[in-house]
Amino acid sequence: MSVLSAKPDQNRYSSNPDPDSIDSNFHLYLLIGQSNMAGRGLLDVEYKNLSDPKVLMLNKDNEWVIASHPLHFDKPKMAAVGPGLTFGIEMAKANPSVKIGLIPCAVGGTAITSWVPSEMDPVTKKHPYDDAVTRLNTAMKSGVIKGIIWHQGEANSSPERSSDYLDKLESLIGRLRIVAGDENLPFVAGELGRYRDNYKLVNDKLQLLPGIVPNTALASSDGLTHKGDNTHFDAASATELGKRFAAQMIHLQQNK
């Protein structure tokens, strides 16, 4: 059942929501990237029951509902525990006077080259960037966008694909800030797991991001573990990463 009404937006590039319908105490966050943002941690009873009435999510039907695992629906048979829900709960704790709206838009397996206008991901047949912009515009009819969290790079963790990663990420941030109508919108990227040597190629690029793009930060993956596949964070690590995303987001907001 919908908690707030939100109809699909027909103009995916419009960023002019009606100010009379916006709740300034409804803080929105865009969740984008690939499978470790979507979440692949084991969904057991503990995580199935995790929720907070002040943390909502925009579901696949563009309705606001109480957020719960899995947030994402990129690959329904695989989506499970990711960092987004705990991120939202931590943001709600940090500001008890507001409610939080999560906009899940991650697509597992996508390279950063899929996160550009009009580009279709060849595996899922989705348009990750266009779909995220559409859902962001829909969400902004209800609340105020306050930040973006990003976890992606496993698909770019080769010497060839990582060489221009930072340039592409900088361009993505700029485009999304234009859509959001905020040139300083806080953006937090998450490090890839430190359990594969080749992931360091992307992590080394990410380390440079805060020095290149203003009002960006990096959530560390130090000490986080995979679920046994050497690729995806286990549920506990995804949860901890969500807390780290929130800590960095709060820091950026306080210094904006």
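Structure: above.
This one's a predicted model, so the numbers in the text were calculated from it and none came from an experiment.

K.L.:
Help me understand the pattern of salt bridges, please; the structure alone is not making it clear to me.
P.N.:
Proximity of charged atoms lets side chains of opposite charge pair with each other. For the coordinates displayed, the defined rule picks out 8 salt bridges. A salt bridge links arginine 194 to aspartate 222; the nearest nitrogen and oxygen atoms lie 3.6 Å apart. Of this pair, arginine 194 sits in the loop between strand E6 (187-190) and helix H7 (199-212) while aspartate 222 sits in the loop between strand E7 (216-219) and helix H8 (235-254), placing them 28 residues apart in sequence. Residue classification places aspartate 222 among the partly exposed residues on the basis of a relative accessible area of 47%. The salt bridge involving arginine 244 is made with glutamate 240; its shortest N-O contact spans 3.0 Å. In this pair, arginine 244 and glutamate 240 both sit in helix H8, 4 residues apart, roughly one turn of the helix. Residue glutamate 240 is classed as partly exposed on the basis of its relative accessible area, which comes to 29%.

K.L.:
When you look at the nonpolar core in this model, what are you seeing that I'm missing?
P.N.:
Within soluble globular proteins, side chains that are nonpolar tend to cluster in buried spots. Residues Leu30, Ile32, Phe87, Leu102, Ile103, Trp150 and Leu169 are the most contacted members of the largest nonpolar core, which totals 72 residues. Sorting elements by how many residues they give to this core places helix H6 (residues 165-180) first, with 8 residues.

K.L.:
Hey, could you run me through empty space enclosed by the protein in this one?
P.N.:
Here the idea is plain: a probe the size of a water molecule rolls over the atoms and shows the empty space left. Inspection of the entire model under this criterion finds 1 cavity of 30 Å³ or more. Those elements that provide at least two residues to the lining of the largest cavity are helix H1 (35-38) and helix H3 (84-94). Grouping the amino acids of the lining of the largest cavity by side-chain chemistry returns 6 nonpolar, 4 polar and no charged.

K.L.:
I tried to follow H6 on my own but got confused; where do I start?
P.N.:
What sets the pattern is the α-helix's 3.6 residues per turn: residues three or four places apart point alike. For H6, with 16 residues, the first-to-last C-alpha span of 22 Å sits near the 22 Å given by 1.5 Å per residue. All of the buried residues in H6 are Tyr165, Leu166, Leu169, Leu172, Ile173, Leu176, Arg177, Val179 and Ala180. Along the axis of H6, the buried positions cluster into a sector of 155°, meaning they face one direction only. The exposed residues of H6 that point more than 90 degrees off its buried face are Asp167 and Ile178. Looking at the residues trailing H6, positive phi occurs at glycine 181, about 75°.

What counts and what doesn't
Residues numbered from 1 in each chain as written. Predicted model: local features only at pLDDT ≥ 70, side-chain atom pairs only at ≥ 80, totals over all residues. Heavy atoms only, no water. Salt bridge = Lys/Arg side-chain N within 4 Å of Asp/Glu carboxyl O. Helix = DSSP H or I, 4+ residues; strand = E, 2+ residues; numbered from the N terminus. Buried < 20%, exposed > 50% of the residue type's maximum accessible area, 1.4 Å probe, protein only. Core = buried A, V, L, I, M, F, W, Y, C linked by side-chain atoms within 4.5 Å. 1 Å grid on protein atoms, 1.4 Å probe; cavity = no way out; pocket = protein on both sides within 12 Å on 5 of 7 lines; lining within 4 Å. Points joined across faces, edges and corners; volume = space filled by probe spheres on them. Nonpolar A, V, L, I, M, F, W, Y, C, P; charged D, E, K, R; others polar. Expected span 1.5 Å × (residues − 1). Arc of directions from axis to C-beta.

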